[in-house]
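Tertiary structure, described
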Amino acid sequence: MSGTAVSRNYDGFVHKKPGFSWQYLLDDGVLGRMKAFNVLFSLLTVSSAALAAESKPLLAVPGKVVFESKLDAVPAAPWKAAKGKWELVGGVWRGSEIPEDNHGAVIRLPNKLQDFVVEYEFKFEGARSTSLSINALKDHMARIMITPASVTIQRDDNDHEGPDKAVVFARFATTLTPGVWHKVRLEMVGDAMVGQVNDLVAWGSSDLFKSTKASPGFTVAGQSVDFRNLTICEASLNPGWEAAKASLPKPGEKVAPVAAPAGKGKGKAKGKKKAA
């Protein structure tokens, strides 16, 4: 590699340098490997940033894992299936409503919780809706209600036939493709909750949330919904919650209208609908 070398490298420019040959690097494949390494490094950097953003805490900082399951075995204790059919299909759980029940399929854990984070994945296999439901010690407390066309984060009606009513913090119009896995995350700390399905996120608060939470579980209306990769963790308040909250829609700010159920008449319903 002596003398003055004149060659074109991968960027198309002519380079002259006594005692050095760019052509040597090209022939040896060094620049090609350097370029490939730079591209790979950039992709890894972007992927790491995306993962960091995805796992960034909002309301809650996850702590000790209190329950974890891939949901890859036949549903059994400690789970309690109150309604519907719960089975193992294709290595994951499948929940289906039984029409004769006149009630959505329901399965719950007996756990009592205080501040926590729940994460899992689901996919529609023909059902009308599904939810992640949290109870109070008596009656319902909160849920993330999901249909193929919407995501609703709400405080539940806590007394059925009494004066209390559900409070919708957010309802997003969306498209959740059947047969595709979607991610759900629910955070509850103190008097607040954050619900998330894929990149749709909302929060709300209620004094009811300060009480003990109980019986986390899944519901399914219609046939069917698949579930996998459930984790429940204890949690503590994120010190950056106030800043994180400012980036989210205010409760009630994003409430899309409810689509009218197919085949329903215009008559006014009597009483309050009982949630699963």
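Below is a short write-up of the structure. Treat the numbers as computed from the prediction; the structure is a model and nothing was measured.

A few words on the overall build of the protein chain. The secondary structure content of the protein chain amounts to three helices and 19 strands. A buried classification covers 41% of the 276 residues belonging to the protein chain. Across the protein chain, every contact between residues at least 6 apart in sequence was considered, and the portion connecting residues at least 24 apart equals 64%. Total accessible area computed for the protein chain in this model is approximately 15500 Å², and 57% of it derives from carbon and sulfur atoms.

Attention now moves to the packing of aromatic side chains. One pass over the structure, following the stated rule, counts 11 aromatic pairs. Relative to Phe 209, the ring of Phe 169 has its centre 6.3 Å away and its plane inclined at 80°; by these criteria the two rings are edge-to-face. Of this pair, Phe 169 sits in strand S13 (residues 167–173) while Phe 209 sits in the loop between strand S16 (200–205) and strand S17 (213–221), placing them 40 residues apart in sequence. Relative accessible area serves as the criterion here: at 4%, Phe 169 is assigned to the buried category. For Phe 209, a relative accessible area of 0% gives the class buried. With centroids separated by 5.8 Å and ring planes inclined at 90°, the aromatic side chains of Trp 203 and Trp 241 adopt a geometry described as edge-to-face. One end of the pair, Trp 203, is in strand S16; the other, Trp 241, is in helix H3 (residues 241–246), with 38 residues separating them in the sequence. According to the relative accessible area criterion, Trp 241 is buried, its value standing at 7%. Here the aromatic residues Phe 67, Trp 79, Trp 86, Trp 93, Tyr 120, Phe 218 and Phe 227 are joined through ring pairs into a cluster of three or more.

Before going further, it helps to spend a moment on the nonpolar core. One broad rule of soluble globular proteins: the nonpolar side chains tend to lie buried together. With 43 residues, the main nonpolar core has Tyr 120, Phe 122, Ile 146, Phe 218 and Phe 227 as its most contacted residues. In terms of residue count, the dominant contributor to this core is strand S9 (residues 116–124) (five residues). Other than its neighbours up to four places away in sequence, Phe 218 contacts Leu 71, Trp 79, Trp 86, Trp 93, Ala 105, Val 106, Ile 107, Tyr 120, Ser 131, Leu 132, Phe 227 and Leu 230. If you look at the next biggest cluster of nonpolar residues, it comprises 13 residues, including Val 189, Val 201, Trp 203 and Ala 235.

On to unusual backbone geometry, then. The step from Ala 77 to Pro 78 runs through a cis peptide bond, and the omega angle for that step is 15°. Structurally, Pro 78 can be placed in the loop between strand S3 (60–69) and strand S4 (80–83). Look at the link from Gln 223 to Ser 224: it is a cis peptide, with omega at 5°. Looking at where Ser 224 falls in the secondary structure, it is placed in strand S18 (residues 223–237). Within the chain, Asn 102 stands out as a residue other than glycine whose phi angle is a positive 55°. With respect to the helices and strands, the residue Asn 102 is situated in the loop between strand S6 (92–96) and strand S7 (105–108). In this structure, Asp 139 takes a positive phi of about 75° despite not being glycine. Within the fold, Asp 139 resides in the loop between strand S10 (129–136) and strand S11 (140–147).

What follows is about the pattern of salt bridges. All told, the structure shown has 12 salt bridges when counted by the stated rule. Across the pair Arg 128 and Glu 97 runs a salt bridge whose closest N-O atoms are separated by 3.3 Å. Linking Arg 128 in the loop between S9 and S10 with Glu 97 in the loop between S6 and S7, this pair joins segments that are 31 residues apart in sequence. The class of Glu 97 is buried, set by a relative accessible area of 13%. Residue Lys 210 is joined to Asp 207 by a salt bridge in which the shortest nitrogen-to-oxygen separation is 3.5 Å. Asp 207 matches Lys 210 in its accessibility class, with the two residues each being exposed. In this structure, a network of salt bridges that share partners links the residues Arg 94, Lys 123, Glu 125 and Asp 226.

So, about the environment of Gly 63. Its place among the elements puts Gly 63 in strand S3. Taking the C-alpha atoms as reference, Gly 63 lies 8.8 Å from Val 117; in sequence the two are 54 residues apart.

Attention now moves to the environment of Leu 248. Examined against the element boundaries, Leu 248 turns out to sit in the loop between H3 and strand S19 (254–255). With 48 residues separating them along the chain, Leu 248 and Leu 200 place their C-alpha atoms 9.8 Å apart. For Leu 248, the residues in contact, after removing those within four places along its chain, are Val 201, Trp 203 and Trp 241.

Within the fold, Lys 213 resides in strand S17. At a separation of 2.5 Å, a polar atom in the side chain of Lys 213 contacts the main-chain carbonyl oxygen of Phe 209. Once residues within four sequence positions are removed from consideration, Lys 213 is found in contact with Asn 111, Lys 112, Leu 113, Gln 114, Asp 115, Phe 116, Ile 134, Asn 135, Met 141, Met 188 and Gly 190.

About the cut-offs
Residues numbered from 1 in each chain as written. Predicted model: local features only at pLDDT ≥ 70, side-chain atom pairs only at ≥ 80, totals over all residues. Heavy atoms only, no water. Helix = DSSP H or I, 4+ residues; strand = E, 2+ residues; numbered from the N terminus. Buried < 20%, exposed > 50% of the residue type's maximum accessible area, 1.4 Å probe, protein only. Contact = heavy atoms within 4.5 Å. Areas by Shrake-Rupley, 256 points an atom, 1.4 Å probe, with all protein chains shown as cover. Phe/Tyr/Trp six-rings, centres within 6.5 Å; stacked < 30°, edge-to-face > 60°. Core = buried A, V, L, I, M, F, W, Y, C linked by side-chain atoms within 4.5 Å. Salt bridge = Lys/Arg side-chain N within 4 Å of Asp/Glu carboxyl O. Polar contact = N/O pair within 3.5 Å; in protein donor to acceptor, adjacent residues only side chain to side chain.

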